[in-house]
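Remarks on the overall topology
This is what each chain is made of:
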There are 2 protein chains.
Amino acid sequence: MIQLRQPYVLFLGDAPDQLAAKTADGIARWRPDLCVGQLRLPDCKADIGLPDMTLEKARAAGAQTLIAGVANRGGIVSEAWRDTLLQAVDLGFDIASGLHGRLSAIPGLKERASAQGTALHDVRYSDRSFPIASGAKRSGKRLLTVGTDCSVGKMFTALAIEREMQTRGVKATFRASGQTGIFIAGEGLCVDAIISDFIAGAAEVLSPNNEADHWDLVEGQGSLFHASYAGVSLGLLHGSQPDALVLCHDPDRDHMRGLPTYGLPAIDACIRLNESCGRLTNPACRTVGIAVNTSKRSEDNALDLLETLEQQTGLPCVDPMRQGAGRLVDALPL
Amino acid sequence: MIQLRQPYVLFLGDAPDQLAAKTADGIARWRPDLCVGQLRLPDCKADIGLPDMTLEKARAAGAQTLIAGVANRGGIVSEAWRDTLLQAVDLGFDIASGLHGRLSAIPGLKERASAQGTALHDVRYSDRSFPIASGAKRSGKRLLTVGTDCSVGKMFTALAIEREMQTRGVKATFRASGQTGIFIAGEGLCVDAIISDFIAGAAEVLSPNNEADHWDLVEGQGSLFHASYAGVSLGLLHGSQPDALVLCHDPDRDHMRGLPTYGLPAIDACIRLNESCGRLTNPACRTVGIAVNTSKRSEDNALDLLETLEQQTGLPCVDPMRQGAGRLVDALPL
């Protein structure tokens, strides 16, 4: 599993717009205490509202890892970043990247990091091996966010539930299965980067044995109804052994993400399939609520939709962004 | 996709018993015409009934690839094989291995192969990248063998159906998704070795567009009910877009393979889940029959069991080893 030294300095590079800094924005939103500042190149068009810092100042403020969480065309490590990244390593920073391109593609960076004893983390890739899943029941409680589709708020929902539980004094840990989640949690694994024989085994490693009243809040991936990624979703579901599922849904999609000819599944079919498959490794698995991304709707329209869906399903339906995750946590057997 | 030059010489090494040569045995059973002979070290205890040959003789007989399909403790490439494999490369053979250990672990072998221009195939590993599945419907017909568990006869059943179809003059191609299957087909991919994001995409590559009346007979892997491997099975199911499923079953297991506390799924639940998931990418997907491995039973007992199961399910139930695959092929919309 990837583990990052904290706190961070968030490197925004030469981000062409605010959206390119989405990952850094998510880190600053959920873990402001872990971010000493932002580092921007002269032509950077993004600003996530943290203090601007030089590498030296960030280091003096205690930052251990530089996060290159910025998106750019092609997902490569930009030439324009080279000097900054080399200098960061010289100053003793670890570097963590969520890009498709590997950090080791920067000439000299790997050697310099090796000489300095600092780590380069390409969080999209998995270089370590995992066990075959044993299916053995683990102690502690687990909740998994599942989806009708990709990118419907599964990470956001798991984090909102973690925040609500911690506010209530419930022992809870967010477990990251994707790159932004890993930056936020400081550890985790990109489950879609694992060799397929080991998906469920990696998911077992992600939420290990814990105290009986502790909740792991596992970030889901993809959807059992996504023709490209369902295998990842099923392995993560089996290995997570969830007691509780929260179904995440975007009501304003015409089709499955990336698949123009595939419509979205019905909510009840999605609940049924996830519960049925989840019960293989945890017979107690059940859906406790639905998290709906209503960001494209007015407040009134959103609340109407949530009420209608609640009547249809008999489950608490909330938009955690508007309303928080309180009613989802209320529905859990704490 | 892996592609092997044919014909083969089958290397049995220092196999400690007949069972260690199971893979070679499977190749010789299904593709006798592709095997010029067997090559055994002095202390080999296995014999698959092919002419014994030296490397030189096998080469003279036209063999292009040496298959190291023998199992040994730990799955490593044995020290005792080193001289033979080096010599094989010098004589111009490609080498294909189904072991866990990589051929490149043999000192000097990679360099020698590179100099000779011959290929080393570690078929358990996938070094090439595959596309994300598009879900786009492909032309041609597809049958996938699925299972209640691992190792219940999915490869055997797909091959038996291919043989029966070819006997009847139906256009049919066995598509290999595991190592022994790849040796038999001469091409294919180990779907459990693919990065999990690309499972369904790799399965799409495995059975490409074809003539409308051509059948791809795709070798299934694992089971949707196997807590370790179900993600592989689901990705393969989605990417294969099968028109027809044949469920493979071993009626004499106490528990799922490798999982002592997991019982086998009910046949009807297994059919239901596979059909329901299969219909995501091919709405016409349906189960046409059941292939039962009755090898642990007497003939009478086996036939009774098949008849009972046939009454329960309303589907043709056969043991392809005892009875051939004729009734399964009869059930297809040819």
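Rules used throughout
- Here the residue index of a chain counts from 1 through its sequence in written order.
- Whichever chain is written first becomes A and whichever ligand is written first becomes 1, with later ones labelled in order.
- Local features in this predicted model are restricted to residues whose pLDDT is 70 or higher, and side-chain atom pairs enter the listing and the counts only when it is 80 or higher, whereas totals over whole chains, interfaces and linings include all residues.
- C-alpha atoms of residues with pLDDT of at least 70 in both copies form the basis for the least-squares superposition of the copies.
- Between N-to-C directions, angles span 0 to 180 degrees; the directions come from axes that are lines fitted to C-alpha atoms, helices contributing only their stretch in contact.
- Helix and strand assignments come from DSSP, with helices taken as H or I runs of at least 4 residues and strands as E runs of at least 2, each series counted from the N terminus.
- By the definition adopted for this analysis, an angle is roughly parallel if under 35 degrees, roughly antiparallel if over 145, roughly perpendicular if from 65 to 115, and oblique otherwise.
- A clockwise turn of the near helix away from the far one marks a right-handed crossing, whereas an anticlockwise turn of less than a right angle marks a left-handed crossing.
- Each residue is represented by a C-beta atom placed from its backbone, and any two residues with such atoms within 7 Å are regarded as in contact.
- By our criterion, buried Ala, Val, Leu, Ile, Met, Phe, Trp, Tyr and Cys residues that link up through C-beta atoms within 7 Å make up a nonpolar core.
- Residues with at least 20 neighbouring C-beta atoms inside 10 Å of their own are called buried, those with 12 or fewer are called exposed, and the rest are partly exposed, where every C-beta is derived from the backbone.
- For two strands to pair, DSSP has to find at least two bridges joining them.
- With its strands directed away from the observer, a crossover is right-handed exactly when the path from the first strand over the helix to the second travels clockwise.
- Any residue outside Ala, Val, Leu, Ile, Met, Phe, Trp, Tyr, Cys, Pro, Asp, Glu, Lys and Arg is labelled polar, Gly included; the first ten of those are nonpolar and the last four are charged.

Here the focus is the relation of the copies chain A and chain B. Superposition of the two copies of the chain requires a rotation about an axis together with a shift along that axis. When chain A is brought onto chain B, the operation consists of a screw motion whose angular component is 180° and whose axial shift is 0.1 Å, with 0.1 Å RMSD remaining. What the rotation and shift describe, once combined, is the action of a two-fold rotation axis.

Residue and element names in this part refer to chain A. At a closest axis distance of 9 Å, the pairing of helix H3 (residues 82-90) and helix H4 (residues 109-116) adopts a crossing angle of 15°. With respect to H4, the element H3 is oriented roughly parallel. The two elements H3 and H4 cross, and the hand of that crossing is left-handed. Seen from H3, the contacting residues are Leu85, Leu86, Val89 and Asp90; seen from H4, they are Leu109, Arg112, Ala113 and Gln116.

Before going further, it helps to spend a moment on the nonpolar core. In terms of nonpolar packing, the biggest core is built from 216 residues, with Leu10 of chain A together with Leu10 of chain B touching the most fellow members. Filtering out sequence-adjacent residues up to four positions away, leucine 10 of chain A remains in contact with Ala24, Ile27, Ala28, Cys35, Gln38, Leu39, Ile48, Leu50, Ile67 and Gly69 of chain A.

Before going further, it helps to spend a moment on the environment of leucine 143 of chain A. Residue and element names in this part refer to chain A. For leucine 143, the location among the structural elements is in strand S7 (residues 141-147). As a C-alpha pair, leucine 143 and leucine 55 span 88 residues in sequence and 39 Å in three-dimensional space. If sequence neighbours within four positions are ignored, leucine 143 has contacts with Ile161, Trp215, Leu217, Val218, Pro242, Asp243, Ala244 and Val246.

Residue and element names in this part refer to chain A. Counting buried residues in strand S11 (residues 244-249) gives 6 out of 6 residues, a clear majority hidden from the surface. Side chains of S11 alternate between two faces, with Ala244, Val246 and Cys248 and Leu245, Leu247 and His249 buried alike. Bridge analysis of S7 against S11 gives 5 bridges, and the strand direction is parallel. In the strand pairing of S11, valine 146 is matched with leucine 247. Relative to strand S12 (residues 286-292), S11 is paired through 6 bridges, and the arrangement is parallel. The residue of S12 that forms the bridge with cysteine 248 is alanine 291.

The next thing to look at is the sheet that holds strand S11 (residues 244-249) of chain B. Residue and element names in this part refer to chain B. Pairing in this open sheet of 6 strands is parallel, and the strands run S8-S10-S7-S11-S12-S13 from one edge to the other. Each edge of the sheet is formed by a strand with only one pairing partner; in this case those strands are strand S8 (172-175) and strand S13 (317-318). Here 4 bridges tie S8 to strand S10 (residues 215-218), and the two strands are oriented parallel to one another. Residue pairing across strands places threonine 173 opposite aspartate 216, the latter belonging to S10. Of the strands in this sheet, strand S7 (141-147), S8, S10, S11 and strand S12 (286-292) are in contact with helix H5 (residues 154-167), which crosses S8 at around 165°. Sitting on the sheet, helix H9 (residues 267-278) touches S7, S11 and S12, and the angle it makes with S11 is about 150°.

Right, let's get into the environment of leucine 305 of chain A. Residue and element names in this part refer to chain A. Mapped onto the elements, leucine 305 comes out in helix H10 (residues 299-313). The exposure class of leucine 305 is partly exposed, given the 17 C-beta atoms found within 10 Å. Sequence separation of leucine 305 and proline 251 is 54 residues, and the distance between their C-alpha atoms is 8.9 Å. Those residues within four positions of leucine 305 in sequence are excluded, and the remaining contacts are Pro251, Val292, Thr294 and Arg297.

Take the sheet that holds strand S4 (residues 65-68) of chain B next. Residue and element names in this part refer to chain B. Strand order in this open sheet of 5 strands is S3-S2-S4-S5-S6, and the pairing throughout is parallel. The open sheet has two edge strands, strand S3 (35-40) and strand S6 (120-122), and neither has a second partner. Each strand of the sheet is rotated relative to its neighbour by a mean of 20°, with strand direction disregarded. Taken together, the 5 bridges between strand S2 (residues 8-13) and S3 define a ladder with parallel strand orientation. Its bridge partner being in S3, glycine 13 is matched across the sheet by arginine 40.

So, about the pairing of S12 of chain A. All names here are of chain A. Burial analysis of S12 places 6 of its 7 residues in the buried class, which makes it a mostly covered element. Viewed along the sheet, the connection from S11 through helix H9 (residues 267-278) into S12 turns out right-handed. Two elements, S12 and strand S13 (residues 317-318), share 2 bridges in a ladder whose sense is parallel. Across the sheet, residue isoleucine 290 finds its bridge partner in S13, namely cysteine 317.

Every contact between the two is made by 27 residues of chain A and, on the other side, 27 residues of chain B. Within the residue set of the side of chain A that touches chain B, elements represented by two or more residues are helix H7 (199-206) and helix H8 (230-240) of chain A. With 6 residues, the top contributor of residues to the side of chain A that touches chain B is H8 of chain A. In terms of residue class, the side of chain A that touches chain B is made up of 17 nonpolar, 8 polar and 2 charged.

Before going further, it helps to spend a moment on the packing of H8 of chain A against helix H8 (residues 230-240) of chain B. The contact between H8 of chain A and H8 of chain B brings their axes to 7 Å, and the two run at 160°. Of the possible angle classes, the one that applies to H8 of chain A and H8 of chain B is roughly antiparallel. Like other packed secondary-structure pairs, H8 of chain A and H8 of chain B cross with a definite hand, here right-handed. Along its contact with H8 of chain A, which presents Ala230, Gly231, Val232, Leu234, Gly235 and His238 of chain A, the element H8 of chain B presents Ala230, Gly231, Val232, Leu234, Gly235 and His238 of chain B. In terms of residue class, the contact of H8 of chain A with H8 of chain B is made up of 6 nonpolar, 6 polar and no charged.

Here we take up the environment of glycine 92 of chain A. Residues and elements named next belong to chain A. Looking at where glycine 92 falls in the secondary structure, it is placed in the loop between H3 and strand S5 (94-97). For glycine 92, a count of 12 C-beta atoms within 10 Å corresponds to the exposed category. With 27 residues separating them along the chain, glycine 92 and alanine 119 place their C-alpha atoms 9.2 Å apart.

Residues and elements named next belong to chain A. The omega torsion of the bond from glutamine 6 to proline 7 falls at 0°, within 30 degrees of zero and hence cis. Its location among the elements puts proline 7 in the loop between strand S1 (2-3) and strand S2 (8-13). Positioned with a positive phi, serine 151 is a non-glycine residue whose angle comes to about 50°. Counting through the fold element by element, serine 151 comes out in the loop between S7 and helix H5 (154-167). The class of serine 151 is partly exposed, set by 15 C-beta atoms lying within 10 Å.

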